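Structural features, examined
Each chain is listed here by its residues.
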Amino acid sequence: MKKTWLSLGLLCVSLHAQTYTLDELVTSAFKNSPDINISSIDVALSKERYDQAFSGYLPKLDLQAAALHKNTLDAPLGLNGEDTVLSGSLSFSQLLYDFGKTSSLVLHAKKSTQSSNAALTESMLQKRLEVQTKYYGILRYKELIVVNKENIKLNESQLHRAKRYYEAGIRTKVDISDAEVRLIKAQIALKNAEFNLQKAFAALDRAVGFTHIGMHYDVEVQKLDSSYKVYETLPPYPYELEEAIEYAYTHRPKLKKFAYAKEAAKALVKNAKAAYFPALTFQGEYQKSDAKKYNFIYDQEKWEAGLTLKWNLYGGGRDRAKIEENRLQTNKRNAQLTRTMLEIKEETTNAYIALQKSKEDVKLSQNLLKFAKLKFEQVSKQYEHGLSDYIELQEARQSYIDAKSALVVNYYNYYAAIAALDAAIGR
């Protein structure tokens, strides 16, 4: 019994301590996302429509059976001719040629399937970006908690020092009061960071699709250099702006979606034009009927086979209107394609600029932290020797903490900017 409870306890600890990598979170999001599930269903539906269109190439075989009660009024020899007749027929037809009407429907279905696949890939791309953004938000708040804990230690140390100086008669009691106020502010900042971390996990839950109440888990942490010399460790982006835009034009699923939709609309124009031409079909049929009493009247057996040419000569202007409708749809898809190219170009440009800015922010904030730390150390020594007042010391300490927090924010913003640019170009 004790072993059972121990096993359950270890299992609970294991579940509580479950840690997800970024790739695992993205995979879970792909599995749980309603948007991706809807896009997947759209792909499945488009494949079924393709199968329906392709069936136009295949032969048609129909079987018909009937049991009829008949009465022939002009039956010979004065008979009433009333009888029950069983009949059956088997018919066969095979399309031989229809001037591209069937092939254009198949092409339309194929391009529509490809468009649905591209839409699914785009949904997955945006979902991955959403998860990455929430993931880096968690890492940012985790590191800010570390910074705020350091801030509390510095304020506690300053409060202790202010009390000693006051007891020694070197400083006034105002220094103690101010140190206590700043310590409380640091504790509030830590609590806010912890609450923000909880909110970040809630946002990640929604992005990934974790619906379990009270689910406890953690994410794999991407640790910063303890010395905060991180600028040199930033991974470079492999493309310049022009290369990134060119890559986006080739690989972005959203662009492919409208390109395939345009081709699908063009196929419908060809299908509508084919209505002006005939369709050549091979047909065959076998019939047999059997009567109970008057078989010499109702019994028959026959078959026929041959070529059929069906040509609609006038349809009330329907075909012309359908051609014009599909032409307009093609023009609409073409305009949507151009608009999407412009949107992707702007999105890629903005994402690239944001990436470059975030990289410069990391560099500048790292330099700022270096000098803020140096200034804080110098002012601390001056304060100990009575060469600086308490206000200068607290301002230097706060500048150091602010610089460290800014570096943390800018560091993770850089990785989020990489994710945004990757999503913009379809990488």
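My aim in this report is to walk through the structure given alongside it, one point at a time. Given the structure is predicted, the values throughout are model-derived calculations rather than measurements.

Here we take up the pattern of salt bridges. Within the structure shown, the criterion is met by 14 salt bridges. A salt bridge links Lys254 to Glu343, with the nearest nitrogen and oxygen atoms 3.7 Å apart. Note that Lys254 is positioned in helix H7 (residues 253–273) and Glu343 in helix H9 (residues 318–384), a separation of 89 residues in sequence. For Lys254, a relative accessible area of 27% gives the class partly exposed. Among the residues examined, Glu343 registers a relative accessible area of 34% and is labelled partly exposed. In this structure, Arg339 and Glu343 form a salt bridge, with 4.0 Å as the shortest nitrogen-oxygen distance. Note that Arg339 and Glu343 are positioned in helix H9 at a spacing of four residues, about one turn of the helix. Through salt bridges that share partners, Glu122, Arg252 and Glu347 make up one connected network.

Time to look at helix H3 (residues 34–54). Over its 21 residues, H3 runs 30 Å from end to end, which matches the ideal 30 Å to within 8%, given 1.5 Å per residue. Listed as buried for H3 are Ile36, Ser39, Val43, Ser46 and Ala53. Burial along H3 is one-sided: seen end-on, the buried residues are contained in an arc of 90°. In H3, the exposed positions that point more than 90 degrees away from the buried face belong to Pro34, Ile41 and Gln52.

Let us now look at the pairing of strand S5 (residues 279–291). Summarising the sheet, strand S3 (residues 82–97) and S5 pair through 12 bridges and their orientation is antiparallel. Across the sheet, residue Leu86 finds its bridge partner in S5, namely Asp290. Inspection of the sheet shows S5 paired to strand S6 (residues 300–310) by 11 bridges, in the antiparallel sense. Looking across to S6, one finds that Thr281 is bridged to Thr308.

This part takes up the sheet that holds S3. Across the sheet, which stays open at both edges, the four strands sit in the order S2-S3-S5-S6 with antiparallel pairing between neighbours. Two strands bound the open sheet, and with one partner strand each, they are strand S2 (60–71) and S6. Adjacent strand axes in the sheet meet at a mean angle of 15°, parallel and antiparallel pairs treated alike. The pairing of S2 with S3 spans 12 bridges and is antiparallel. Bridge pairing in S3 places Ala66 opposite Ser87.

So, on to the packing of aromatic side chains. Counted under the stated rule, the structure contains 17 aromatic pairs. When the centroid spacing of 5.3 Å and the interplanar angle of 65° are considered together, the rings of Tyr135 and Tyr136 count as edge-to-face. As far as burial versus exposure is concerned, Tyr135 and Tyr136 are alike and both buried. Taken together, the ring pairs in this structure connect Tyr135, Tyr136, Tyr411, Tyr412, Tyr414 and Tyr415 into an aromatic cluster. Taking NZ or CZ as reference, Arg140 lies 5.3 Å from the ring centre of Tyr141, over its face. Geometry around Tyr237 places Arg427 over its ring, the cationic atom sitting 5.4 Å from the centre.

This brings us to helix H10 (residues 390–425). Helix length check: H10, at 36 residues, gives a terminal C-alpha distance of 52 Å against a target of 52 Å (1.5 Å per residue), a fit within 8%. One or two positions beyond H10, positive phi appears at Gly426, with a value near 80°.

Examined against the element boundaries, Tyr231 turns out to sit in the loop between strand S4 (218–219) and helix H6 (241–251). Judged by relative accessible area, which is 21%, Tyr231 ranks as partly exposed. Residues Tyr231 and Gly88, 143 residues apart in the sequence, show an inter-C-alpha distance of 84 Å. Residues contacting Tyr231, with those up to four places away along its chain left out, are Lys359, Glu360, Val362, Lys363 and Gln366.

In helix packing, the relevant descriptors are the interaxial angle and the interaxial distance, both defined with respect to the helix axes. At a minimum axis separation of 10 Å, H6 and H9 run at an interaxial angle of 140°. Relative to H9, the element H6 lies oblique. When you trace H6 past H9, the crossing you get is right-handed. Facing Leu241, Ala244, Ile245, Ala248 and Tyr249 of H6, the residues of H9 in contact are Met341, Ile344, Lys345, Thr348, Thr349 and Tyr352. In the contact of H6 with H9, the residues fall into eight nonpolar, two polar and one charged.

Scoring rules and cut-offs
- Residues numbered from 1 in each chain as written.
- Predicted model: local features only at pLDDT ≥ 70, side-chain atom pairs only at ≥ 80, totals over all residues.
- Heavy atoms only, no water.
- Salt bridge = Lys/Arg side-chain N within 4 Å of Asp/Glu carboxyl O.
- Helix = DSSP H or I, 4+ residues; strand = E, 2+ residues; numbered from the N terminus.
- Buried < 20%, exposed > 50% of the residue type's maximum accessible area, 1.4 Å probe, protein only.
- Expected span 1.5 Å × (residues − 1).
- Arc of directions from axis to C-beta.
- Pairing = 2+ DSSP bridges.
- Axes fitted to C-alpha atoms, helices over the stretch in contact; angles between N-to-C directions.
- Phe/Tyr/Trp six-rings, centres within 6.5 Å; stacked < 30°, edge-to-face > 60°.
- Lys NZ or Arg CZ within 6 Å of the ring centre and 35° of its normal.
- Contact = heavy atoms within 4.5 Å.
- Parallel < 35°, antiparallel > 145°, perpendicular 65-115°, else oblique.
- Left-handed = near helix turned anticlockwise from the far one by under 90°.
- Nonpolar A, V, L, I, M, F, W, Y, C, P; charged D, E, K, R; others polar.

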